[in-house]
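# Close look at the chain arrangement
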Amino acid sequence: MSDLLDKALDMKNLRGAWEEIRANKGMPGVDEVSLKAWARNWEDRLMKLISSVRANTYKPHKLRLRKIPKKSRREFRTLRVPTVTDRVFQRAILQILHPVFERRFLDCSFGYRPKRGLADAVQRIIVLRENDYRWVLDADIDEFFDHVDHDLLLGFLRHDLPDDSLMPLIKKWLKTCRLEPDLAVGIPLGSPLSPLWANVFLHRLDQAAAARDRPVVRYADDFIVFAESREDAQSVYREVEETLAALKLKYEPSKTRVASFEEGFEFLGIRFRGDSCFYTHMGKEIEVQGDDLNLLFKRTLPEYE
């Protein structure tokens, strides 16, 4: 049986990865090679990529920084964008790894997974609310993407992957995305593999909650944990704090709190209060209840930023 690297370097897989990257558009990397330029001789570029990886001469480029405004327009998010070649190769590997990790990830995880998304996460919240989980830990991790520990992540990947053929490449990519040369932390917003790395890392949070029989809804690094009383939710706060510490992470205190559906809270841009929830669509606030939820969310719920 071929190892993961062989599968990633299959020409059909690489061609599919190139088509996905081209469809997603995006800016050039630090080499200034645009998608349009890459498309002129994409087959030759893929062949050269295969040859360089096989010869162990492939070296990823540094990342290009780009600031984009958040929805509030008052804050900015920093993207760190690989070159087109590096994006294509990461996408090719992502396509091979999806089925490996989909067998491992728990049902409470909704972000950046095939056929799962924000609407599904909101529906799960409603189900838990209707099953008398009326209290939540509404948690925010302090600068999660900048604080992912590389040694921990590499250990999780070694544990989860069926072979080590991709590990040298992953180490190279992680080294290029260090915020400081001597500090092995951080994964970049803007790289195709980063959402998967985030889910691999926080899968350990899901497992810890499941071991304690704590219901969770997680979308990438945003999550809420459910409880049946204020006292139980405060216990959840301490439990999750310990789990995050083991992952070398911590709460953002100003954005983490114990709350109830009665007093209301916001998660992923959706406002929950009592038995209702609200969101903004095309500049209008929309309230939905009960049986209208599924149909209306499927039609109008905005993509999570």
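Before any of the text, the structure's been laid out above.
In this report, we go over the structure that sits alongside the text. This one's a predicted model, so the numbers in the text were calculated from it and none came from an experiment. (Residues numbered from 1 in each chain as written. Predicted model: local features only at pLDDT ≥ 70, side-chain atom pairs only at ≥ 80, totals over all residues. Heavy atoms only, no water.)

This brings us to the overall build of the protein chain. In terms of helices and strands, the protein chain carries 12 helices and 10 strands. On C-alpha atoms alone, the protein chain measures out to a radius of gyration of 21 Å, which is about the 19 Å that the 2.2 N^0.38 rule sets for 305 residues. Taken along its principal axes, the extent of the C-alpha atoms in the protein chain is 60 × 40 × 40 Å. For the protein chain, restricting intrachain contacts to residue pairs at least 6 apart in sequence, the fraction spanning at least 24 positions comes to 68%. For the protein chain, the separation between the mean place of its 51 positive charges and that of its 49 negative charges on side chains is 7 Å. (Helix = DSSP H or I, 4+ residues; strand = E, 2+ residues; numbered from the N terminus. Rg over C-alpha atoms; globule rule 2.2 N^0.38 Å. Contact = heavy atoms within 4.5 Å. Lys, Arg positive; Asp, Glu negative; His and termini not counted. Charge placed at Lys NZ, Arg CZ, Asp CG, Glu CD.)

Quick look at the environment of Asn41 now. The topology assignment puts Asn41 in the loop between α3 (35–40) and α4 (42–54). Residue Asn41 is classed as partly exposed on the basis of its relative accessible area, which comes to 29%. Along the backbone, Asn41 and Leu5 are 36 residues apart, and their C-alpha atoms lie at a distance of 23 Å. Among the polar contacts listed, one links the side chain of Asn41 to the side chain of Arg45, at a separation of 2.9 Å. (Buried < 20%, exposed > 50% of the residue type's maximum accessible area, 1.4 Å probe, protein only. Polar contact = N/O pair within 3.5 Å; in protein donor to acceptor, adjacent residues only side chain to side chain.)

On a regular strand, one side chain projects to one face of the sheet and the next to the other, so that they alternate. Bridge count for strand β9 (residues 276–281) against strand β10 (residues 284–288) is five bridges, and the pairing is antiparallel. Residue pairing across strands places Phe278 opposite Glu287, the latter belonging to β10. Counting the residues that bridge the hairpin from β9 to β10 gives two residues, and of these Met282 lies at a positive phi of roughly 55°. (Pairing = 2+ DSSP bridges.)

This brings us to the sheet that holds β9. Read from one edge to the other, the open sheet built from four strands follows the order β7-β8-β9-β10, with strand pairing classed as antiparallel. Single-partner strands in this sheet number two, and they are β7 (265–267) and β10. Each strand of the sheet is rotated relative to its neighbour by a mean of 30°, with strand direction disregarded. Against the sheet, helix α6 (residues 118–130) contacts β7, β8 (270–273) and β9, and its axis sits at roughly 10° relative to β8. (Axes fitted to C-alpha atoms, helices over the stretch in contact; angles between N-to-C directions.)

Further remarks concern the sheet that holds strand β5 (residues 222–227). Strands in a sheet are paired, the pairing made by backbone hydrogen bonds, and the direction either parallel or antiparallel. Across the sheet, four strands lie side by side as β4-β5-β3-β6; this open sheet has antiparallel pairing. Two strands in the sheet have a free side with no partner beyond their single neighbour: β4 (216–219) and β6 (257–260). The average undirected angle you get between the axes of adjacent strands in this sheet is 20°. Pairing of β4 with β5, which is carried by four bridges, proceeds in the antiparallel orientation. Bridged to Tyr219 within β5 is Asp222. Strands in contact with α6 are β4 and β5; relative to β4, the strand with the most contacts, it is inclined by about 165°. Its contacts with the sheet put helix α11 (residues 230–246) on β3 (135–140), β5 and β6, and the angle it makes with β5 is roughly 140°.

Next up on the list: the packing of aromatic side chains. As enumerated under the stated definition, the model contains 13 aromatic pairs in all. Each ring, one from Phe156 and one from Phe201, has its centre 5.5 Å from the other, and the planes form 65°; the classification is edge-to-face. A residue pair is termed long-range when its members are at least 10 positions apart, and Phe156 in helix α8 (residues 150–160) and Phe201 in helix α10 (residues 194–211) qualify at 45 residues. In terms of burial, Phe156 and Phe201 fall into one category: buried. (Phe/Tyr/Trp six-rings, centres within 6.5 Å; stacked < 30°, edge-to-face > 60°.)

Using the criterion set out here, one finds 19 salt bridges in the structure. Among the ionic pairs, Arg124 bridges to Asp107, the shortest N-O distance being 2.7 Å. In this pair, Arg124 sits in helix α6 while Asp107 sits in the loop between α5 (84–102) and α6, placing the two residues 17 residues apart along the sequence. Judged by relative accessible area, which is 25%, Arg124 ranks as partly exposed. (Salt bridge = Lys/Arg side-chain N within 4 Å of Asp/Glu carboxyl O.)

With that out of the way, let us pick up the packing of helix α2 (residues 11–24) against α5. Put simply, α2 and α5 touch, their axes get as near as 8 Å, and they point 120° apart. With respect to their mutual orientation, α2 and α5 come out oblique. Crossing of α2 against α5: the hand is right-handed. Where α2 approaches α5, its residues Asn13, Leu14, Gly16, Ala17, Trp18, Glu20 and Ile21 are matched on the opposing element by Val84, Arg87, Val88, Arg91, Ala92, Gln95 and Ile96. Per-class residue counts for the contact of α2 with α5 are eight nonpolar, three polar and three charged. (Parallel < 35°, antiparallel > 145°, perpendicular 65-115°, else oblique. Left-handed = near helix turned anticlockwise from the far one by under 90°. Nonpolar A, V, L, I, M, F, W, Y, C, P; charged D, E, K, R; others polar.)

Mapping Arg80 onto the fold places it in strand β2 (residues 76–81). No salt bridge is formed by the buried Arg80; its nearest oppositely charged neighbour, Asp146, is found at 4.6 Å. One polar contact links the side chain of Arg80 to the main-chain carbonyl oxygen of Cys177, over a distance of 2.8 Å. Here Arg80 is in contact with Leu63, Arg64, Leu65, Cys177, Arg178, Leu179, Gly186, Ile187, Pro188, Leu189, Gly190 and Ser191, once residues within four sequence places are set aside.

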